[in-house]
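Coordinate inspection notes
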Amino acid sequence: MATTPILELKKLAWYKEKGQPVFTDVNLVLNEGDILVLQGKSGSGKSTLLKCVSHLNIYEGEVLYRGQKPQQHGIPTFRTRVMYVPQRPSMLPGTPRDFLRTVYTFGVHKSSSASSKAASAVSDALRSSEPDLSRHEAFEIAEFWGIDRELWDRSWTNLSGGEAQRIVLAIAVGIASAEVLLLDEPTSALDSESSSKVERHLAAEVKSPDSKLKSIVWITHSPEQGQRVGTRFIRITSGGVREEETDPGV
Ligand SMILES: Nc1ncnc2c1ncn2[C@@H]1O[C@H](COP(=O)(O)OP(=O)(O)OP(=O)(O)O)[C@@H](O)[C@H]1O
């Protein structure tokens, strides 16, 4: 029996300016269990594509999540289910704890009007108006990745790139609302030991039947990392995306 793909991209196109396409005709189907490694030259449009998918950029074409347009889920709800995690979180104001609180409050507030029937940890959290953020899963995940608790109360600007990167990722995984994570070079600032911890954790989450996370699109410039984490390999060019048998490197 055919199942609905978790995500479908149909004829996606994005233009820098009128008549200046970065990519056109991107067609892609993402299924549960896929860790799709997205590669391409610098400037080929990888980040832009993920921002289009998460409805952060205006695009031509169609994105379907569980067979429905983002608008049918409600854009804020859609973004908690198909979540873009940026490469550089250091521009955020305040501290990581402030950010977690904001994300949490936003999710709770928005999911109160969500039409989506999918159960989510975010909407579960709605039942508690005073969430206990001191014991949030994000802290546990971050700690496992080598982040001391005191870093949650330091301003983003005083964290190293690798610390900030792990915290943002731990929040994305820890709030457990996303079925698809769109990861933009998520370990670019990490040493190889920290990077492999993160890789193993994320791959295990996708495989676990108990996890909400079902699939990842993962931008990396490292062919080695691509081979470690990827189950599928996609290359983006101006003409669209091409699936490759194995990771051919950049
Ligand atoms: N808001 C914007 N306005 C105009 N051009 C943009 C905008 N955002 C991105 N671009 C351009 O679109 C192209 C694709 O950028 P993008 O960041 O998606 O590439 P990338 O493949 O992720 O690159 P890298 O591997 O270097 O991170 C680049 O030429 C970039 O300069």
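Residues numbered from 1 in each chain as written. Predicted model: local features only at pLDDT ≥ 70, side-chain atom pairs only at ≥ 80, totals over all residues. Heavy atoms only, no water.

If you check an unreviewed UniProt entry, the protein chain appears there as P-loop containing nucleoside triphosphate hydrolase protein from Lentinus brumalis.

Using the criterion set out here, one finds 2 cavities of 30 Å³ or more in the structure. Volume-wise, the largest cavity comes out at about 80 Å³. Leu-7, Leu-9, Leu-28, Leu-30, Leu-36, Leu-38, Leu-49, Leu-50, Val-53, Leu-182 and Val-217 together form the lining of the largest cavity. Only β1 (7–17), β2 (20–30), β3 (35–39) and α1 (46–53) provide two or more residues apiece to the lining of the largest cavity. For the lining of the largest cavity, the per-class residue count stands at 11 nonpolar, no polar and no charged. (1 Å grid on protein atoms, 1.4 Å probe; cavity = no way out; pocket = protein on both sides within 12 Å on 5 of 7 lines; lining within 4 Å. Points joined across faces, edges and corners; volume = space filled by probe spheres on them. Helix = DSSP H or I, 4+ residues; strand = E, 2+ residues; numbered from the N terminus. Nonpolar A, V, L, I, M, F, W, Y, C, P; charged D, E, K, R; others polar.)

Okay, the pairing of β3 next. The two faces of the sheet receive side chains in turn, since in a regular strand these alternate between them. By the criterion of burial, β3 is predominantly enclosed, with 5 of the 5 residues buried. Judged by which residues are buried, β3 turns out to be covered on both faces: Ile-35, Val-37 and Gln-39 on one side and Leu-36 and Leu-38 on the other are all buried. Examined bridge by bridge, β3 and strand β7 (residues 215–219) share 4 bridges and lie parallel to one another. Residue pairing for β7: Val-37 is matched across the bridge by Trp-218. Pairing of β3 with strand β8 (residues 232–237) involves 4 bridges; the strand directions are parallel. Considered in β8, the bridge of Val-37 is made with Phe-233. (Buried < 20%, exposed > 50% of the residue type's maximum accessible area, 1.4 Å probe, protein only. Pairing = 2+ DSSP bridges.)

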